[in-house]
Amino acid sequence: MPSPAFISIGEPLFELNQPKGEDIFRKGHGGDTSNCAIAAARQGVSVGYLTAVGADQFGESFLSLWAAEGVDTSMVKRSQSAHTGLYFVTHGPDGHVFSYMRAGSAASRMTPEDVPAAYVEGARILHASGISLAISSSAADAVFAAMRIARGAGVTVSFDTNLRLRLWPLDRARAVIHAAATLSDILRPGLDDARHLTGLADPDHIVDFYLRLGPKIVALTLGDEGAIVATKERRERLPAVRVKLVDATGAGDMFDGAFLAEYLRTGDPFAAGRYANVAAALSTEGYGAVAPMPRRAAVEAAIRDGRG
């Protein structure tokens with residue numbers, strides 16, 4: 001069986017999201033690289049996920065979700081000794097707040113020996129994130145092993161810096177994330193994270209910094225100010241897409257999945273950026289990370305309507 005075109009590696013997290021004004025928590029699914037895999041699958045790309053889940057109801061829920069979304073789980077490890085990670089989302093005056101129960105999760109116990117080399121070598125894109133590196137030393141080693149396997153096989157490596165200072169101190173995060181950036185062909189930092197990681201404030205200076213590390217493409221998201229997509233030869237600033245904001249959970253992951261799916265289809269990073277900019281905006285019009293993620297038809301309809 002051939003490998004999917006797009007493979008994501010990292011940690012899924014079962015989501016419990018409390019909407020504003022409600023006392024209950026709604027069930028959902030999260031984890032940045034899982035979100036990205038689903039986002040890409042909804043754009044019509046063949047997708048696989050490299051991870052581990054616990055032999056519990058949360059892991060079973062993910063396996064059912066991925067099957068429904070068309071994400072290949074043939075390489076997902078089922079652990080009998082570790083749990084699937086959880087997180088909670090609440091909403092306050094300053095936006096959404098995350099609380100995690102992920103220490104010792106099945107995905108955090110991944111090792112380089114868990115990376116199926118032939119599966120990675122058969123893909124066209126491998127995607128990982130800073131969170132994939134932060135959850136444990138062994139998981140970081142697994143991600144670096146996957147990235148090196150991909151590079152050795154000519155597979156495009158995509159990396160989202162996705163800084164989580166709750167998981168590790170800034171100096172260590174900066175060193176490890178930037179080491180991963182040097183192995184990446186496509187780098188996707190967010191502005192707030194990039195300011196922490198680089199010490200720079202100006203978005204164009206941040207783009208320049210990351211292009212010097214070696215990626216061929218940098219797609220810097222700017223929150224409600226849009227995004228910048230750049231190569232060494234060209235850069236394009238994408239304006240924000242106006243939407244009725246409900247919940248921005250997973251918007252960056254939506255951008256990643258949509259960008260990579262469209263890049264696979266067109267080979268054009270600027271077309272991919274414009275497409276992803278619209279897709280990410282649409283994903284904020286509902287609650288949760290996965291449920292509001294648009295499919296290709298909705299994104300294309302929004303573009304035809306002049307929203308991007």
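Just above, that's the structure.
Below is a short write-up of the structure. (Residues numbered from 1 in each chain as written. Predicted model: local features only at pLDDT ≥ 70, side-chain atom pairs only at ≥ 80, totals over all residues. Heavy atoms only, no water.)

## Considering the pairing of strand β10 (residues 125-129)
- Taking burial as the measure, the 5 residues of β10 include 5 buried ones, the bulk of the element.
- Every second residue of β10 is oriented toward a common face, with I125, H127 and S129 on one face and L126 and A128 on the other, all of them buried.
- Pairing of strand β1 (residues 6-9) with β10, which is carried by 3 bridges, proceeds in the parallel orientation. Note that in β10 the partner of I7 across the bridge is L126.
- Summarising the sheet, β10 and strand β11 (residues 156-160) pair through 5 bridges and their orientation is parallel. Bridge assignment links L126 to a residue of β11, and that residue is V157. (Buried < 20%, exposed > 50% of the residue type's maximum accessible area, 1.4 Å probe, protein only. Helix = DSSP H or I, 4+ residues; strand = E, 2+ residues; numbered from the N terminus. Pairing = 2+ DSSP bridges.)

## Quick look at the nonpolar core
- In terms of nonpolar packing, the biggest core is built from 54 residues, with F6, V47, W66 and F259 touching the most fellow members.
- Counting residues per element, this core draws most heavily on helix α10 (residues 269-282), which supplies 9 residues.
- With residues up to four places along the chain from it excluded, the contact list for V47 reads P4, F6, A37, A40, A41, G70, V71 and D72. (Core = buried A, V, L, I, M, F, W, Y, C linked by side-chain atoms within 4.5 Å. Contact = heavy atoms within 4.5 Å.)

## A short note on the pattern of salt bridges
- If you walk through the whole model with that rule in mind, you get 16 salt bridges.
- With a shortest N-O distance of 3.6 Å, E69 and R295 are connected by a salt bridge. With a gap of 226 residues between them, E69 in helix α2 (residues 57-69) and R295 in the loop between α10 and α11 (296-304) connect regions that are remote in the sequence.
- Residues R296 and E262 are paired through a salt bridge, measuring 2.9 Å at the closest nitrogen-oxygen approach. With R296 in helix α11 and E262 in helix α9 (residues 251-266), the pair connects residues that are 34 residues apart, well separated along the chain.
- Salt bridges sharing common partners tie together E262, R265, R296 and E300. (Salt bridge = Lys/Arg side-chain N within 4 Å of Asp/Glu carboxyl O.)

## Points about the sheet that holds strand β2 (residues 13-17)
- One open sheet holds the 4 strands; their spatial order is β3-β2-β8-β9, and the pairing between them is mixed. Edge positions in the sheet fall to β3 (26-30) and β9 (95-101), since each of these pairs with one other strand and no more. Ignoring which end each strand starts from, the neighbouring axes of this sheet average 30° apart.
- In the sheet, β2 pairs with β3 via 5 bridges, with the strands oriented antiparallel. Looking at β3, one finds that F14 is bridged to H29. (Axes fitted to C-alpha atoms, helices over the stretch in contact; angles between N-to-C directions.)

## Considerations on the environment of A289
- Among the secondary structure elements, A289 is positioned in the loop between α10 and α11.
- Using a relative accessible area of 2% as the deciding quantity, one classes A289 as buried.
- Taking C-alpha positions, A289 is 23 Å from W168, a pair spaced 121 residues apart along the chain.
- Excluding residues that lie within four positions of it along the chain, A289 makes contacts with E15, H29, G30, N35, Y87, T249 and G250.

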